[in-house]
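# A look at the structure
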Amino acid sequence: MTSQSVYKWRAVSLISTALLTVGAYATNPVHAQTTAAPNDQYLARARRILKTTPLIDGHNDLPWRIREDTIARGNVDAYDLRTHRPGQTDLDRLRKGMVGAQFWSVYTPGEYRDSGYARVQLEQIDIARRMIDKYPDRLALALSAADIRREFKQGKLASLLGLEGGHAIEHSLGALRAYYDLGVRYMTLTHNVTLDWADAALDSARHSGLTPFGDSVVREMNRLGMLVDLSHVSAATMSAALNVSQAPVIFSHSAARALVDVPRNVPDSILRRVTKNGGIVMVPFVTGFVSPAVFLYDESRPSIRDLRQKYGNDTAAITRAVNDWGKTHEEPHATLSQVADQIEYVRRVAGADHVGIGGDFDGITEVVQGLEDVSTYPALFAELARRGWSDGDLRKLAGENFLRVFAEAEAVAKRMQGQNGPVGGR
């Protein structure tokens, strides 16, 4: 698995997680989980809100973790969510975190070209669907906004599929339609690799955004009712997609670039356009997206490319060099407060109707202090309540904003289907 697969927000030039296998990094200290007193009025208020409003998270990479787990190797029966796993997600912690609906990312690396994108993509959808089916008392497949509301009322976690990376359609609108029929309800236009039809944030720009075929992809997603996800794409692609899309767009796991200047975050100019479009930016718990200090620390690390040029295949020398660097550079940590800062900033620029949550659990290897796993969401809502957020705005953040976006996208699809057939010949 590549560094982009393990810690998907990092650029390739940073030291890959693969170095962990040769002992290049010392194990990070265990982050102390932030806990609130049982009688904390803000925590009690957060829990009361989440009991009646579904908390909808835009991005969780559990299906990929199941695939890459050294024991399970894609076997959902071997990765038992009823017992504690080494990852960041299981059924007990989802219940403790009061998660009402979850987009499970059916991610496929853009570097898997030789394996066949479509084959791996179908396998990922299969893993996610089998995982959902394995726990019918706790999880239920959801295909619409109405499904989310129904399953939440029945006490089940509404489970949706989000396809991460438009490389998976292999230039075929027919494949896009087939993925929709299999349950996919959003597609991130790119992952970290620029496509023949769309520029990615962490790769070279070749198209100044979208090509005409990229425009067709967005239009067909609108016609299907599949949400256009602009996380991972370049700012020019964000703008181009907003020019084309008739439905509200989403950012399933992106933060504000004004606070942390990483290419994966959203510029203010785009945040303001999201307001006009009616879309939503779902703030993640990725340390380098929410903490300027963590981002700068990661940027300053020696690159794996430079170390290999200097030391070749001498992994012992690479290990010494990295450890020596670590001795003189204290690692900072991201905090729950910084995530709250990001959420407040998106609300301030885009508006209270255009912000949500997209944790990216099990797609990250480093965690935010106080937001270590899926059990911790109420603490974040308690912090925002402590900062003066109204119950109404907390409900919007939790799920009402996303439900509105999803319902509006469905309405656009119904209108377009009444006017036109499928876009393109294939």
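In this text the structure is predicted, and so the values were computed from the model without any measurement.

### Quick word on the pairing of strand 8 (residues 280–283)
Burial of the side chains of strand 8 extends over both faces: Ile-280 and Met-282 are buried on one face and Val-281 and Val-283 on the other. With two bridges joining them, strand 7 (residues 250–251) and strand 8 adopt parallel strand pairing. Each bridged residue has a counterpart across the sheet, and for Ile-250 the counterpart in strand 8 is Ile-280. A crossover links strand 7 with its parallel partner strand 8, the connecting element being helix 10 (residues 268–277), and its sense is right-handed.

### Description of the nonpolar core
Residues Met-187, Leu-189, Leu-230 and Ile-343 are the most contacted members of the largest nonpolar core, which totals 99 residues. In terms of residue count, the dominant contributor to this core is helix 15 (residues 336–350) (seven residues). Listed in part, the 21 residues of the second largest apolar core include Ile-148, Ala-158, Leu-160 and Phe-402.

### Description of the environment of Ala-293
With respect to the element layout, Ala-293 can be found in helix 12 (residues 292–300). Given a relative accessible area of 42%, Ala-293 falls into the partly exposed group. For the pair Ala-293 and Glu-331, spaced 38 residues apart in sequence, the C-alpha to C-alpha distance is 8.8 Å.

### A short note on the packing of aromatic side chains
What the rule picks out here adds up to eight aromatic pairs. Consider the rings of Trp-64 and Tyr-107, whose centres lie 5.2 Å apart with planes at 70°: the pair is edge-to-face. You can see Trp-64 sitting in helix 3 (residues 62–68) and its partner Tyr-107 sitting in the loop between strand 2 (99–105) and helix 5 (117–134), a full 43 residues away along the chain. Classification of Tyr-107 by relative accessible area gives buried; the value is 0%. Measuring from centroid to centroid gives 5.6 Å for Phe-402 and Phe-406, while their planes differ by 50°, and the two rings are tilted. Taken together, the residues span about one helical turn, with Phe-402 and Phe-406 both in helix 17 (residues 391–419) at a distance of four residues. For Phe-402, a relative accessible area of 1% corresponds to the buried category. Connected via pairs of aromatic rings, a cluster forms that spans Phe-103, Tyr-186, Phe-402 and Phe-406. In this structure, Arg-185 packs its charged tip against the face of Tyr-180, placed 3.7 Å from the ring centre. Between the NZ or CZ atom of Arg-347 and the centre of the ring of Trp-389, over which it lies, the distance is 4.0 Å.

Reading the values: the criteria
- Residues numbered from 1 in each chain as written.
- Predicted model: local features only at pLDDT ≥ 70, side-chain atom pairs only at ≥ 80, totals over all residues.
- Heavy atoms only, no water.
- Buried < 20%, exposed > 50% of the residue type's maximum accessible area, 1.4 Å probe, protein only.
- Helix = DSSP H or I, 4+ residues; strand = E, 2+ residues; numbered from the N terminus.
- Pairing = 2+ DSSP bridges.
- Right-handed = clockwise from strand over helix to strand, strands pointing away.
- Core = buried A, V, L, I, M, F, W, Y, C linked by side-chain atoms within 4.5 Å.
- Phe/Tyr/Trp six-rings, centres within 6.5 Å; stacked < 30°, edge-to-face > 60°.
- Lys NZ or Arg CZ within 6 Å of the ring centre and 35° of its normal.

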